[in-house]
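Observations on chain architecture
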Amino acid sequence: MARTPIRETTIELGGKRLPVRLYRNKRARRIILRIDGRNGDGDSNGDGVSVTLPRGTPPEEGLKLINEKAQWVLERLGGLPPRVAFADGASVPLGGVEHTIRHVPHKRGVVRRQGAEILVAGRPEHLARRIRDWFRKEARSKIGRLVGDKAAALNRTAGRITIRDTRSRWGSCSAGGNLSFCWRLVMAPETVLDYVVAHEVAHLAEPHHGPKFWRLVETLTSDMEASREWLKLNGEALHRYG
Ligand SMILES: [Zn+2]
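Residues numbered from 1 in each chain as written. Predicted model: local features only at pLDDT ≥ 70, side-chain atom pairs only at ≥ 80, totals over all residues.

1. Observations regarding the overall build of the chain
For clarity, the cut-off: Counting from the N terminus, the helices are the DSSP runs of H or I reaching at least four residues and the strands are the DSSP runs of E reaching at least two. Exposed residues have 12 or fewer other C-beta atoms within 10 Å of their own C-beta, buried residues have 20 or more, and partly exposed residues fall in between, where C-beta atoms are placed from the backbone. Contact between two residues is assigned when their C-beta atoms, built from the backbone, lie within 7 Å.
Check the secondary structure of the chain and you find 6 helices and 11 strands. Expressed as lengths along the three principal axes of its C-alpha atoms, the size of the chain is roughly 55 × 50 × 30 Å. Residues classed as buried in the chain amount to 23% of the 242 residues present. The contacts in the chain between residues at least 6 apart in sequence include a share of 52% that link residues at least 24 apart.

2. Observations concerning the pairing of strand 8 (residues 117-120)
We apply this condition: Pairing between strands requires that DSSP locate at least two bridges from one strand to the other.
Residue alternation in strand 8 divides its side chains into a buried set, I118 and V120, and an unburied set, E117 and L119. Where strand 7 (residues 111-114) meets strand 8, 4 bridges bridge the pair, whose relative direction is antiparallel. What sits directly across from V111, in strand 8, is V120. Adjacent in sequence and paired antiparallel, strand 7 and strand 8 are bridged by 2 residues, among which G115 carries a positive phi angle near 60°.

3. A word on the nonpolar core
How we decide: A set of buried residues drawn from Ala, Val, Leu, Ile, Met, Phe, Trp, Tyr and Cys, joined through C-beta atoms within 7 Å, is what defines a nonpolar core.
Residues A139, V147, F181, L185, V196, V197 and V201 are the most contacted members of the largest nonpolar core, which totals 36 residues. For this core, the elements supplying multiple residues, two or more each, are strand 8, helix 3 (127-153), strand 11 (179-182), helix 4 (190-202) and helix 5 (211-220). Among residues more than four places away in sequence, those in contact with V197 are I143, L146, V147 and K150.

4. Side note on helix 3
Quick reminder of the rule: Expected span of a helix: the number of residues minus one, times 1.5 Å.
In a regular helix each residue adds 1.5 Å, so 27 residues correspond to 39 Å; helix 3 covers 39 Å between its end C-alpha atoms and thus fits that length. Buried within helix 3 are the following residues: L127, I131, F135, A139, I143, L146, V147, K150 and A151. Once helix 3 finishes, N155 follows within two positions and takes phi at roughly 65°, a positive value.

5. Here's the deal with the sheet that holds strand 9 (residues 161-164)
In plain terms, the rule: Helix axes use the C-alpha atoms of the stretch in contact, all axes being lines fitted to C-alpha atoms, and the angles between their N-to-C directions lie in the range 0 to 180 degrees.
Pairing within the open sheet is mixed, and its 3 strands lie in the order 9-11-10. The strands lining the two open edges of the sheet, one partner per strand, are strand 9 and strand 10 (171-173). Along the sheet, successive strands turn relative to each other by an average axial angle of 15°, direction set aside. Summarising the sheet, strand 9 and strand 11 pair through 4 bridges and their orientation is parallel. Its bridge partner being in strand 11, I163 is matched across the sheet by F181. Strands in contact with helix 4 are strand 10 and strand 11; relative to strand 10, the strand with the most contacts, it is inclined by about 15°.

6. Description of the confidence of the model for the chain
Just so we agree on the cut-off: On a scale of 0 to 100, pLDDT captures the predictor's confidence in every residue.
Scored by pLDDT, the chain has a mean of 91; 96% of the residues are at 70 or more. Low pLDDT, under 50, characterises residues 39-45; the predicted model gives this stretch 7 contacts beyond four residues in sequence or across chains.

7. Notes on the domain arrangement of the chain
Quick note on the threshold: Marked domain ranges trace back to an automatic or database domain assignment.
On domain assignment, one finds that the chain holds domain 1 (7-78), domain 2 (91-130) and domain 3 (137-238). Computed over C-alpha atoms, the centres of domain 1 and domain 3 are 31 Å apart.

8. A word on the sheet that holds strand 7
Spatially, 4 strands are ordered 5-6-8-7 in an open sheet, and the strand pairing comes out mixed. Across the chains shown, the open sheet's two edge strands, defined by having one partner strand only, are strand 5 (91-94) and strand 7. Within this sheet the neighbouring strands show an average axis-to-axis angle of 35°, counted without direction. Inspection of the sheet shows strand 5 paired to strand 6 (residues 97-103) by 4 bridges, in the antiparallel sense. Of the residues in strand 6, the one forming a bridge with S91 is T100. Docked against the sheet, helix 3 engages strand 6, strand 7 and strand 8, running at close to 125° with respect to strand 8.

9. Side note on the packing of helix 3 against helix 4
Spelled out, the test is: An angle counts as roughly parallel when it lies under 35 degrees, as roughly antiparallel when it exceeds 145, as roughly perpendicular when it falls between 65 and 115, and as oblique in every other case. The handedness criterion is simple: a crossing whose near helix is rotated anticlockwise from the far helix by less than a right angle is left-handed, and one whose near helix is rotated clockwise is right-handed. For this classification, Asp, Glu, Lys and Arg are treated as charged, while Ala, Val, Leu, Ile, Met, Phe, Trp, Tyr, Cys and Pro are nonpolar and the rest, including Gly, are polar.
Running from N to C, helix 3 and helix 4 point in directions that differ by 50°, and their axes come no closer than 10 Å. Taken together, the axes of helix 3 and helix 4 are oblique relative to one another. Handedness of the helix 3/helix 4 crossing: right-handed. Facing K142, I143, L146, V147, K150 and A151 of helix 3, the residues of helix 4 in contact are L193, D194, V197, A198 and V201. The class makeup of the residues in the contact of helix 3 with helix 4 is 8 nonpolar, no polar and 3 charged.

Here it is in structure tokens:
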């Protein structure tokens, strides 16, 4: 799942330097270009392109293809949702409701929610990390509770719950019943988080995405179709925070 690039470089496109990550996939039948708007991986080098190369295709051909598709790449990059850094005054969603981040250097405590504000104490250079840690903690406690309730409803027991910053999937369930979730889900409306938990918990009973599986998910959450649609439309934007 977490792939490692075979090469990381930059390319000049439309007067900008774009980061490019090249990957190898033996099963790929052609070169695949993707817009890579990832965030929160430590370097703020920003939006770029990922290139998946089939077996035997040299990286240079991937870079050539980016140039050939320059207009498409630049249009897609321009259409990405805005990036919102975790900073004083920034507006970020929590449970689908916008909250304003306030830096309160002299207040005690680290991070707490007060009405529609998220108050962060401490030094300004630690603010972003503190918010991120706090969101993770919120995700862990909310998801932990939901997993417990839903697994009990199915008469199953979940294994370990891991909270990650996954980009390709919102959640996963291993063969051994361990569950993993992306902390960014805590920003989504609660019904959406509820659906993703229901989805993974349902895998404890039914590994495959057949009709039986979807019927089971529907018994565990109230708004399955709307939540799936929400993720399709808005999921990408959740990766633009922090
Ligand atoms: Zn699934």
